[in-house]
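Analysis of the macromolecular model
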Amino acid sequence: MRIVMLLLCFFATLPALAAEEILPFSDPKQQALFRELTHELRCPKCQNQNIADSNAVVAVDMRKKTYELVQQGQNKTQVIEYMKLRYGDFVHYQPPLQLSTIWLWLLPALLVLGMGVFVVRKNNQQQQLVNEEVSSKLDAELQAMIDAVAVKPNSTDKSVAAEKSSAEDKPA
Amino acid sequence: MRKLLFFIPFALFIGLSMFLFSGLFSDPRQHGSALVERQLPQFQLPDLMQPNKLLTADELKGEPYFLNVWGTWCPTCNAELAFLTQLRQQGVRIVGLYYVQPLDAAFGERFDLPALQQDVQQKLAGQGDPYQFNLLDQHRTLIFDLGVSGAPETFLVDADGVIRAHHVGDINPQNWPPLAEAYQKLVRK
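By convention here, each chain's residues receive numbers from 1 onward along its written sequence. Written order determines the labels here, with chains lettered from A and ligands numbered from 1. Owing to the predicted nature of the model, reporting of local features is limited to residues with pLDDT of at least 70; listing and counting of side-chain atom pairs is limited to 80 or more, with chain, interface and lining totals taken over all residues. Here the side-chain values reflect all heavy atoms present in the structure, with hydrogen atoms and water set aside.

A look at the overall build of chain A
Defined as follows: Each helix is a run of H or I in the DSSP string that is no shorter than four residues. Each strand is a run of E no shorter than two, and both are numbered from the N terminus. Only protein chains enter the accessibility calculation, which uses a 1.4 Å probe; a residue is then buried when its area is under 20% of its type maximum, exposed when over 50%, and partly exposed in between. Between two residues, a contact is recorded if the distance between any of their heavy atoms is within 4.5 Å. For the accessible areas, the method is Shrake-Rupley and the probe is 1.4 Å, while residue cover comes only from the protein chains on display.
Across its full length, chain A carries seven helices and zero strands. Moving toward the C terminus, one meets the helices and strands of chain A in the order α-α-α-α-α-α-α. Burial statistics for chain A: of 172 residues in total, 23% are counted as buried. Sequence separation of at least 24 residues holds for 45% of the intrachain contacts in chain A that already meet a minimum separation of 6. If you sum the accessible surface of chain A, you get close to 12900 Å²; carbon and sulfur atoms cover 64% of it.

Re the interface of chain B and chain A
Interface size is often expressed as the accessible area that is lost when the parts come together. Operational definition: Summed over both partners, buried area is the accessible surface (1.4 Å probe) that two parts give up on being assembled. Note on definitions: salt bridges are taken to be side-chain nitrogens of Lys or Arg within 4 Å of carboxyl oxygens of Asp or Glu. Polar contact criterion, stated in full: a pair of N or O atoms within 3.5 Å, where within protein one must be able to donate a hydrogen and the other to accept it, and residues adjacent in sequence count only if both atoms are side-chain atoms.
On the chain A side, the residues contacting the 21 residues of chain B number 19 residues. Summing both partners gives a buried area of about 1600 Å² for chain B against chain A, and 54% of it is carried by carbon and sulfur. Among the salt bridges present, the one from B:Asp145 reaches A:Arg86, with a minimum N-O distance of 2.7 Å. Applying the counting rule to chain B against chain A returns four residue pairs in polar contact (both at pLDDT 80 or more). Top contributing element to the side of chain B that touches chain A by residue count: helix 4 (residues 141-145) of chain B, with three residues.

Here we look at helix 3 (residues 28-40) of chain A
Residues and elements named next belong to chain A. To be explicit about the condition: One less than the number of residues in a helix, times 1.5 Å, gives the span that helix is expected to have. Starting at the helix axis, one direction is taken to each C-beta atom, and the arc is that of these directions.
With 13 residues, helix 3 should cover 18 Å at 1.5 Å per step; its first-to-last C-alpha distance of 18 Å lies within 8% of that length. What helix 3 keeps buried is the set Gln-30, Leu-33, Phe-34, Leu-37 and Thr-38. Here the buried residues of helix 3 occupy an arc of 125 degrees about the axis, which is enough to place them on one side. Away from its buried face, by an angle of more than 90 degrees, helix 3 presents the exposed residues Pro-28 and Lys-29. Taken together, the buried residues of helix 3 touch helix 4 (57-71) and helix 5 (76-87).

Some remarks on the pattern of salt bridges
Residues and elements named next belong to chain A. Counted under the stated rule, the structure contains seven salt bridges over all chains. Its salt-bridge partner being Lys-76, residue Glu-36 comes within 2.7 Å of it at the nearest N-O pair. Note that Glu-36 is positioned in helix 3 and Lys-76 in helix 5, a separation of 40 residues in sequence. Note that Lys-76 and Glu-40 form a salt bridge whose closest N and O atoms lie 2.8 Å from each other. Separated by 36 residues along the polypeptide, Lys-76 in helix 5 and Glu-40 in helix 3 bring together distant segments of the chain.

Remarks on the packing of helix 2 (residues 75-89) of chain B against helix 3 (residues 113-127) of chain B
Residue and element names in this part refer to chain B. Convention followed: Angles run from 0 to 180 degrees between N-to-C directions of axes, and those axes are lines fitted to C-alpha atoms, restricted for helices to the stretch in contact. An angle below 35 degrees is treated as roughly parallel, one above 145 as roughly antiparallel, one from 65 to 115 as roughly perpendicular, and anything else as oblique. Here a crossing is called left-handed whenever its near helix is offset anticlockwise from the far helix by less than a right angle, and right-handed whenever the offset is clockwise. Gly counts as polar in this scheme, as do all residues outside two lists: the nonpolar Ala, Val, Leu, Ile, Met, Phe, Trp, Tyr, Cys and Pro, and the charged Asp, Glu, Lys and Arg.
It is at 9 Å that the axes of helix 2 and helix 3 come closest, and there the two elements cross at 55 degrees. On the basis of their axis angle, the class for helix 2 and helix 3 is oblique. The two elements helix 2 and helix 3 cross, and the hand of that crossing is right-handed. From helix 2, Asn-78, Leu-81, Ala-82 and Thr-85 reach across to helix 3, where they touch Lys-123, Leu-124 and Gln-127. Residue classes in the contact of helix 2 with helix 3 are distributed as three nonpolar, three polar and one charged.

Comments concerning the packing of helix 3 of chain A against helix 4 of chain A
Residues and elements named next belong to chain A. Put simply, helix 3 and helix 4 touch, their axes get as near as 10 Å, and they point 145 degrees apart. The handedness of the crossing between helix 3 and helix 4 is right-handed. Two secondary-structure elements touch here, helix 3 through Gln-30, Leu-33, Phe-34, Leu-37 and Thr-38 and helix 4 through Arg-63, Thr-66, Tyr-67, Val-70 and Gln-71. For the contact of helix 3 with helix 4, a count of residues per class yields five nonpolar, four polar and one charged.

A few points about the state of the cysteines
Threshold: Here, two cysteine sulfur atoms that lie within 2.5 Å of each other are counted as a disulfide.
Scanning all chains against the criterion turns up one disulfide over all chains. Disulfide pairing is shown between B:Cys74 and B:Cys77; the S-S distance is 2.2 Å. Handedness of the B:Cys74-B:Cys77 disulfide follows from its S-S torsion of about 85 degrees: it is right-handed. Accessibility assignment for this pair places B:Cys74 and B:Cys77 in one class, buried. Left unpaired, A:Cys43 is separated from the closest cysteine sulfur, that of A:Cys46, by 3.2 Å. Judged by relative accessible area, A:Cys43 falls into the buried class, the value being 0%. Looking at A:Cys46, the relative accessible area reads 22%, which means it is partly exposed.

Notes on the environment of B:Lys53
Residue and element names in this part refer to chain B. The residue Lys-53 is located in the loop between strand 1 (44-46) and strand 2 (54-56) in this model. Judged by its relative accessible area of 41%, Lys-53 is partly exposed. Along the primary structure Lys-53 and Leu-12 are separated by 41 residues, whereas in three dimensions their C-alpha atoms are 62 Å apart. Non-local contacts of Lys-53, meaning those with residues more than four positions away in its chain, are made with Leu-45, Pro-46 and Asp-47.

Some words on the packing of aromatic side chains
Heads up, the condition is: Each pair of aromatic rings taken from Phe, Tyr and Trp, with Trp reduced to its six-membered ring, is defined by centres within 6.5 Å and is described as stacked if the planes are under 30 degrees apart, edge-to-face if over 60, and tilted in the remaining cases. When the NZ atom of lysine or the CZ atom of arginine is within 6 Å of a ring's centre and also within 35 degrees of its normal, the charge is said to sit over that ring.
Under the counting rule described, the total for this entry stands at 14 aromatic pairs over all chains. Between the aromatic rings of B:Phe7 and B:Phe10, the centroid separation amounts to 6.5 Å while the plane-to-plane angle is 70 degrees, which identifies the pairing as edge-to-face. With B:Phe7 and B:Phe10 both in helix 1 (residues 2-24) and three residues apart, this pair spans about one turn of that helix. The partly exposed category is assigned to B:Phe7, whose relative accessible area is 47%. Through successive ring pairs, a cluster of aromatic residues spans B:Phe66, B:Phe83, B:Trp176 and B:Tyr183. Positioned over the ring face of A:Phe90 is A:Arg42, at 4.1 Å from the centre of the ring. When the ring centre of A:Tyr82 is taken as origin, the NZ or CZ atom of A:Arg86, which lies over that ring, is 3.7 Å away.

Here it is as structure tokens:
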């Protein structure tokens, strides 16, 4: 029983799939092109739908025209140019590369570049800090060893030793 | 130098906010027309009221005019009829391009010319008639070539048949001044 219900549910959704217009094509390549085009061309009326998705009059007309042009054997760029000539660059979801749209490509590249520079500089800075820390530590150790060796013979002369150690405290 | 770096994210944030804020007030329907500064596309369409009379693009040349795309089914078009009629009385030349709206484009079109003529006559008698005449574009061929996405839309065409402006939406006293200026410039030429 459950299986029957499940099957019924499955078939109940079939008419929704069939709602898309059925247009006869003799060439499966043209059919694929038509599909591709209607998904890439944008409806000028309902602006966030492609023409395959929209049932506005203008979208229906554009689908018809696309079908007609594809049947005539026009290729993808030709059909898109035909539409752009009438409805502007707006009608294709892929914007053309020109002076006003160059930022669409430049901005992300600049952003990545900027972040790269930032990360590299930050890394260098940190490395430098670590290096300084290590080297100052080493300096101190070295100085201590030198002192240990150098001060010994004159250990009786206290004033000289004190003077020397105070001078050593200053950073090099 | 360090302080300057500190302000960069803030400056970016302000810039982005301003860009997005200005977007709130832009009209998404105004996205530039592909038709401006081009010749009116060739066509051969009948006069709505005298279907035997065929008109072409060349026959409309001679003086500048507004080509107004409209239909009785379109409420915004009906709303602008009164104002357009005022303009006609001031001597502005307006030609109608009748947009035939199919009942349901997906199920084919039923077309009844006498009923449409009657409908148009009634509408124009009631609201005012701004048109010199109306072109009947039953299959929306010229409408398609003009890149019209809905009604009302209006084109300003000069005496040589070159499109000078493409206005989407209704014409009203608020948005008329720049169109009037462009029209007067063409008339004076």
